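Coordinate analysis (summary)
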Amino acid sequence: QVQLVESGGGSVQAGGSLRLSCTASGRTFSNYAVGWFRQAPGKKREFVAAITWSGGSTYYADSVKGRFTVARDNFWKTAYLDMNSLRPEDTANYYCARDPTYRRHSLANPAQDQWDDWGQGTQVTVSS
């Protein structure tokens, strides 16, 4: 099993930037894809970004494409979500999760995939 912990959230003005981190404890997550999701009050959880086990492929929701960047450092067992040009609509609790399939080379539809080992989330608040 893999335990994930998110960090890096906070309050920022519109147009600002934040870096979120997803750190694995115990077992390494280097052989699995990692996804980022968010949920705002009163809304359903939505897919944000994902990265394959090797970092060779990345995926983004249309709402964040061009503004957010997902990366990973398997040595430090950490995945990152760099968020730029933040908007009030980005305000949400952000979560990371692990793809349970060993060394998937690509993700057909990360928004609809099964994800495991959800972290507790980190809050991001963007003010106008």
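Structure: see above.
Everything in this summary refers to the structure shown in the same document. (Residues numbered from 1 in each chain as written. Predicted model: local features only at pLDDT ≥ 70, side-chain atom pairs only at ≥ 80, totals over all residues. Heavy atoms only, no water.)

1. Some points on the nonpolar core
By size, the foremost hydrophobic cluster in this structure holds 35 residues, and its most contacted members are W36, V48, F68, L81, M83 and Y94. Breaking this core down by element, the ones donating at least two residues are β1 (2–7), β3 (18–26), β4 (34–39), β5 (46–51), β7 (68–73), β8 (78–83), β9 (92–98) and β10 (122–127). Broken down by element, this core gets its largest block of residues, five residues, from β5. Here F68 is in contact with R38, V48, Y60, L81, D82, M83, N84, L86, D90 and Y94, once residues within four sequence places are set aside. (Core = buried A, V, L, I, M, F, W, Y, C linked by side-chain atoms within 4.5 Å. Buried < 20%, exposed > 50% of the residue type's maximum accessible area, 1.4 Å probe, protein only. Helix = DSSP H or I, 4+ residues; strand = E, 2+ residues; numbered from the N terminus. Contact = heavy atoms within 4.5 Å.)

2. Quick look at the environment of C96
Note on placement: C96 falls in strand β9. Spatially, the C-alpha atom of C96 lies 19 Å from that of V126, the residues being 30 residues apart in sequence. When residues no more than four places from it in sequence are discounted, the contact partners of C96 are L4, E6, C22, V34, G35, W36, D117, W118 and G119.

3. A few points about the sheet that holds β10
Spatially, six strands are ordered β2-β10-β9-β4-β5-β6 in an open sheet, and the strand pairing comes out mixed. Looking along the sheet, the strands with just one partner apiece sit at the ends: β2 (10–13) and β6 (58–60). Geometrically, the sheet is characterised by an average inter-axis angle of 25° between neighbouring strands, direction not taken into account. Judged from the six bridges that link them, β4 and β9 form a sheet pairing that is antiparallel. Bridge pairing in β9 links F37 to Y95. (Pairing = 2+ DSSP bridges. Axes fitted to C-alpha atoms, helices over the stretch in contact; angles between N-to-C directions.)

4. Overview of the pairing of β8
Burial runs high along β8: five of the six residues are buried. Pairing of β7 with β8, which is carried by six bridges, proceeds in the antiparallel orientation. Counterpart to R72 in the pairing with β8 is A79. Adjacent in sequence and paired antiparallel, β7 and β8 are bridged by four residues, among which K77 carries a positive phi angle near 55°.

5. Description of the environment of S21
Relative to the helices and strands, S21 resides in strand β3. Judged by its relative accessible area of 15%, S21 falls in the buried class. In the structure, S21 is positioned 17 residues away from L4 in sequence and 9.8 Å away in space, judged by C-alpha atoms. Non-local contacts of S21, meaning those with residues more than four positions away in its chain, are made with V5, E6, S7, W36, T78, A79 and Y80.

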